[in-house]
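Structural characterization, general
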Amino acid sequence: MTTVSMRGLTKRYGGTTAIADLTARIGVGVTGFLGPNGAGKTTLLRCLATALAPDSGRLVAYGLDTAVAAERTALRRRLGYLPQDPGLYPNFKTAELLDYVAVLKELTDTGRRRAEVRRVLAEVGLTDRATVRVRKLSGGMRQRLALAQALLGDPELLILDEPTVGLDPEQRMLFRALVSRLGHTRTVLLSTHQTEDVGALCERVLVMRAGGIVFDGTPGELAAQAEGRVWVSAEPPSDAHVYWRNADGRYRTLGPRPIGGEPGLLSIEDGYLTLLGAEAAAAGSGDAERVS
Amino acid sequence: MAAPSLPSAPSARAFRALAWREATLLLTAPAVWAGVLLQVVLGVLWYSADEPRWAAFGQEAGLSALVLAGFLLLTSHLAGSRDHRHGAAEGSSVLPASDLRRTGAVLALIPVGGVLGAVALGAELVAASPRWPEGPLSPWSLAMPVLIPMLGAAVGVATSRWWPTTAAGPLTFFGCTALLAMMPVFGQSPQSLSWVLFPVLFDDGHVQAGMAAAEAQGGGGWGVAAWHAGYLAALVAAAAAVAVLRQRRLIPAVVLVLAVAFGLVAVWQQHPDLGPAPGAASPVSGSQP
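This report concerns the structure included in the present document. (Residues numbered from 1 in each chain as written. Chains lettered and ligands numbered in written order. Predicted model: local features only at pLDDT ≥ 70, side-chain atom pairs only at ≥ 80, totals over all residues. Heavy atoms only, no water.)

1. As for the overall build of chain A
A count of helices and strands for chain A gives nine helices and 15 strands. Within chain A, counting contacts between residues at least 6 apart in sequence, those at least 24 apart form 66% of the total. Accessible surface, chain A: about 12300 Å² in total, of which carbon and sulfur atoms supply 48%. (Helix = DSSP H or I, 4+ residues; strand = E, 2+ residues; numbered from the N terminus. Contact = heavy atoms within 4.5 Å. Areas by Shrake-Rupley, 256 points an atom, 1.4 Å probe, with all protein chains shown as cover.)

Okay, structure coming up:
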């Protein structure tokens, strides 16, 4: 069932087109957005979250047109949004901050509000930090608190812009468990640079480049884009997008078959890099020994 | 595609909940209570050096209320600019509470400022009981220590809506302090405009004569103190209207025009009352602005 629909969505910043004529339909479940920096992911999520008005096109979520003020407000009552840079009031205590945001989310009944604050604190594993001031929380805890404020009110549409930044591996596992659970009944839109998160969570992945969608499919289909381009060899290749030396001393190559190369296991990252070519390779090759 | 609508809170209830939250946040701020304490200490200290008269008490309570007004200006600016200062504007912009509702909620800090002013005034009255004031009393003169903190809160909120940077609160505070400090430069007689525009009603012969005249009319006349309280109330309303102008145009603009008009009338009305009091060659006694 389609819950979010966009048609001809365009957003420009001065002379720069951030998203260009986007058309897509999204349903219940976890949908991931991948793309290099500047691809338009955050702009798209801001438009979907009603933080930004598109210059043209139509955006409808849960039957509510975001161009209509009353419908936009109605949508905001069903929305949870974790922005890329979530601002948190440092002098508030953790539970106090959530209570304040809950008031802004129109949870007016005090008893229900307190129960909701307890629920989301438990969801993100911050129950024991309820009375600690935000400025004393670690970066990972702040990120979980930001996620908690997005979860307040049990929203039907959850928009998460790089939610796993700053989380340690254990926290990321907890995050995955939480989001995958939510994805059974809710629409979760997730923008990330962590391809492992996409593989672990998303039924569907949209890859963006230069404001447009260049891939729309499952994580498996994205990984399959690198079919015939992932190799493992004893010697480094002469021409490849990306290669690196594994811990076992062999070289993993993305590109043409090197001499003596054997097919390697495909990953989402391989598909993503193959799809976006040299541009993505350059942007995502921090660990690579060489980028051609 | 459409899902059933969630029950939404009526906006009046949501507004009340938010205003109450803002009010409780202010009331639990230690800085605010430090301001109340400082106002009481200074008011008591200054009054102890005066003749025990109501006019002197009103003047000292008013001057000390300026201290609380300063604290409230800063704290209400912090409250109103919270999102901007902490980079939370984007996240907050997608919440159901509109900017207008949020401005309205922080405007609740204005009556809270009045309550704090009344608490401080009560404490000053209790402290004054061993030297209970005598002479003519206009109840309106006791409204000033309540209205002045409200004005501080209103200016803080208005500044926060138009200028939400961290520096804006302290800069406005210093600007207001400089303005008040400069007022005597523009005239030190009760006939001068700066004398009337100063928030505090001074204990001078002209004011006393005005109060006596109002009392002679059976307390039914407005008198100097009443018009001055009206002038302060107009300033509070004008500052609140300026705060709301950020989100709405027509109604706050009308309120602003009416408040300014009433304020001008109140200032003008204080001049005729401030005619030379009998035998008051020296117009000033007690502290000056």
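2. A few points about the side chain of Ser160 of chain B
Among the structural elements, Ser160 of chain B can be located in helix α8 (residues 144-162). Apart from the residues within four sequence positions on either side, Ser160 of chain B is in contact with Ser76, His77, Gly80 and Ser81 of chain B.

3. Points about the packing of aromatic side chains
Within the structure shown, the criterion is met by eleven aromatic pairs over all chains. Ring pairing ties together the aromatic residues Tyr47, Trp54, Phe57 and Trp132 of chain B, which thus form one cluster. Against the face of Tyr89 of chain A rests Arg82 of chain B, its NZ or CZ located 5.7 Å from the ring centre. The ring of Tyr47 of chain B is capped by Arg131 of chain B, whose NZ or CZ atom sits 5.2 Å from the centre of that ring. (Phe/Tyr/Trp six-rings, centres within 6.5 Å; stacked < 30°, edge-to-face > 60°. Lys NZ or Arg CZ within 6 Å of the ring centre and 35° of its normal.)

4. Considerations on the interface of chain B and chain A
Each side of the interface is counted separately: chain B has 30 residues, and chain A has 35 residues. Both sides of the chain B and chain A interface together cover about 2800 Å² of buried area, and 62% of this is carbon and sulfur. Counting across the chain B and chain A interface gives three salt bridges. Between Asp99 of chain A and Arg21 of chain B there is a salt bridge, with the nearest N and O atoms lying 2.8 Å from each other. Inspection of the chain B/chain A interface yields twelve residue pairs in polar contact (both at pLDDT 80 or more). For the side of chain B that touches chain A, the elements supplying multiple residues, two or more each, are α1 (11-27), α4 (82-85), α5 (89-93) and α6 (99-107) of chain B. The greatest single-element share of the side of chain B that touches chain A, amounting to seven residues, is contributed by α1 of chain B. Class assignment of the residues belonging to the side of chain B that touches chain A gives a composition of 15 nonpolar, seven polar and eight charged. (Buried area = accessible area lost by both parts, 1.4 Å probe. Salt bridge = Lys/Arg side-chain N within 4 Å of Asp/Glu carboxyl O. Polar contact = N/O pair within 3.5 Å; in protein donor to acceptor, adjacent residues only side chain to side chain. Nonpolar A, V, L, I, M, F, W, Y, C, P; charged D, E, K, R; others polar.)

The analysis is restricted to geometry; functional conclusions fall outside its scope.
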